[in-house]
Amino acid sequence: MNKVEPKDWIPLIKPYAKPNTWRSLRQVADTLLPLLGLFYLAHLSLNYSLLLTLALDFAAALFLVRLFILQHDAGHGSFFPKKWMNDLLGFFTGVLTLVPYHHWQLSHARHHATSGNLDKRGVGDIYTMTLEEYLKATPWQRFAYRVYRNPFVMFFIGPIYVFMLSYRLPLGYGSEKPSVRNSVALTNLFLVLLLVGIYLAFGLKTLLLVYLPIQYFAGMVGIFLFYVQHQFEDAYWEHDPRWEYLKAAMEGSTYLKLPKVLQWLTGNIGFHHIHHLAPKIPNYHLPKVQEEVDLVKVAPTVTLKDAFKIAFADMHLHDEESRKLVGFKEAARRLRERKRLSGGSAARR
């Protein structure tokens, strides 16, 4: 992509960065009401079939993912025209999604400001080592990184660690800020009240076999979506000062082209390249931008089938020479080659 200045592209997308209050409220209703309805149906189904309960849990989880997208928009100030409306929605949906609003908002803003920047990794993203860093790492560091990037750990253990455990503590980026600590504490307080309410109203069985699986499935889907939208072979990575915001959005994020039903359930998050370019655009305007603005059509398009391949592919290390993600097999080959060369040099000495 040739150098395009902000003055050239901002006027193209600015008209779409206008939230519609009634449309936003409709999204809250068509997300929250089905979520509550599916929760209740899953509770009733416990008397008939555990498989049916789990199927309803998964359906409810997709609506919980959609609810997080609304929280996500609120965090960018793009869902409602008033800050207090965004913050109110963001906080209370954060109780339902297990994501403390202000804590997440801060780290996510950092992610947007540094996505694809090799000098500013590690906040609000899926950490990616360079190939050279991996080759120079200790055996223990390499082992730990391989465990972290293992698909089973990422997608099946990750939801428990990220959403149920780590978000319960004000740790990491911004943890020194009172607003972050208060956000986590207040979210946890309301969460305890919610869990007690579910237990008293529906019983322990519903808490364990309906509420927790819904949270788990939603976390799994959320991590999967985030992963495949940034961890593809040709994903953009660059050092300062060569890093460019526009390239990071268009070449470092995918256009995840989902079937219409899944596109709706995931709140158009598949248009991730546009979202990274202009996070002030509400989710419901993103498809229109894709259709009408030629600038955004250069982003790599990924289908759902492609996404599953990306999720389980051996692509975990950024090779700064080829400017591509490579895998642990390639890293092992490089390690063997370096040992062979160093052994040969030692023999000659």
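**Student:** Which parts of the structure should I look at to understand the pattern of salt bridges?
**Tutor:** Oppositely charged side chains are able to pair whenever their charged atoms sit close together. Using the criterion set out here, one finds 14 salt bridges in the structure. Across the salt bridge formed by R121 and E133, the nearest N and O atoms sit 2.7 Å from each other. Highlighted residues: R121 in the loop between α5 (101-114) and β1 (129-130) and E133 in helix α6 (residues 131-136), separated in sequence by twelve residues. R121 sits in the buried class, given a relative accessible area of 18%. When its relative accessible area of 30% is taken as the criterion, E133 is described as partly exposed. Among the ionic contacts, a cluster of salt bridges with common partners joins D319, E330, R333, R334 and E337.

**Student:** I'm lost on the packing of α5 against helix α9 (residues 178-202) in this one. Help?
**Tutor:** Any two packed helices are characterised by how steeply their axes cross, that is the angle between the axes, and by the distance between the axes. At a minimum axis separation of 6 Å, α5 and α9 run at an interaxial angle of 135 degrees. Judged on the interaxial angle alone, α9 and α5 are oblique. The residues of α9 that touch α5, namely those facing Y101, H102, H103 and L106, are S179, V180, S183, V184 and T187. Of the residues in the contact of α5 with α9, the class split is four nonpolar, five polar and no charged.

**Student:** Is there a simple way to think about the sheet that holds β1 in this case?
**Tutor:** Pairing in this open sheet of three strands is mixed, and the strands run β1-β4-β5 from one edge to the other. Edge positions in the open sheet fall to β1 and β5 (324-326), since each of these has one partner strand only. Here three bridges tie strand β4 (residues 317-319) to β5, and the two strands are oriented antiparallel to one another. Following the sheet pairing, L317 is matched in β5 by V326.

**Student:** What's the story with α9 in this structure? I'm lost.
**Tutor:** A turn of α-helix holds 3.6 residues, and therefore any two residues three or four places apart point the same way. Compared with the 36 Å implied by 1.5 Å per residue over 25 residues, the 35 Å span of α9 between its first and last C-alpha is a close match. Among all positions in α9, only V180, S183, V184, T187, N188, L191 and I198 are buried. Buried residues in α9 make contact with α2 (21-45), α4 (83-97), α5 and α10 (204-228).

**Student:** Could you clarify how one ought to interpret α2 in this entry?
**Tutor:** Here α2 spans 36 Å end to end across 25 residues, near enough to the 36 Å set by a 1.5 Å rise per residue. By the burial criterion, the buried members of α2 are S24, Q27, V28, T31, L35, L38, F39, A42, H43 and S45. Against the buried residues of α2 lie α3 (50-75), α4, α9 and α10. Where α2 begins, the side chain of N20 points an oxygen toward the backbone nitrogen of W22, at a separation of 3.1 Å.

**Student:** What's the story with the packing of α2 against α10 in this structure? I'm lost.
**Tutor:** Put simply, α2 and α10 touch, their axes get as near as 10 Å, and they point 145 degrees apart. Judged by the twist between their axes, the crossing of α2 over α10 is right-handed. Mapping the contact onto sequence places F39, A42 and H43 in α2 and T206, V210, Y211 and I214 in α10. Counted by class, the contact of α2 with α10 contains five nonpolar, two polar and no charged residues.

The rules behind the values
- Residues numbered from 1 in each chain as written.
- Predicted model: local features only at pLDDT ≥ 70, side-chain atom pairs only at ≥ 80, totals over all residues.
- Heavy atoms only, no water.
- Salt bridge = Lys/Arg side-chain N within 4 Å of Asp/Glu carboxyl O.
- Helix = DSSP H or I, 4+ residues; strand = E, 2+ residues; numbered from the N terminus.
- Buried < 20%, exposed > 50% of the residue type's maximum accessible area, 1.4 Å probe, protein only.
- Axes fitted to C-alpha atoms, helices over the stretch in contact; angles between N-to-C directions.
- Parallel < 35°, antiparallel > 145°, perpendicular 65-115°, else oblique.
- Contact = heavy atoms within 4.5 Å.
- Nonpolar A, V, L, I, M, F, W, Y, C, P; charged D, E, K, R; others polar.
- Pairing = 2+ DSSP bridges.
- Expected span 1.5 Å × (residues − 1).
- Polar contact = N/O pair within 3.5 Å; in protein donor to acceptor, adjacent residues only side chain to side chain.
- Left-handed = near helix turned anticlockwise from the far one by under 90°.

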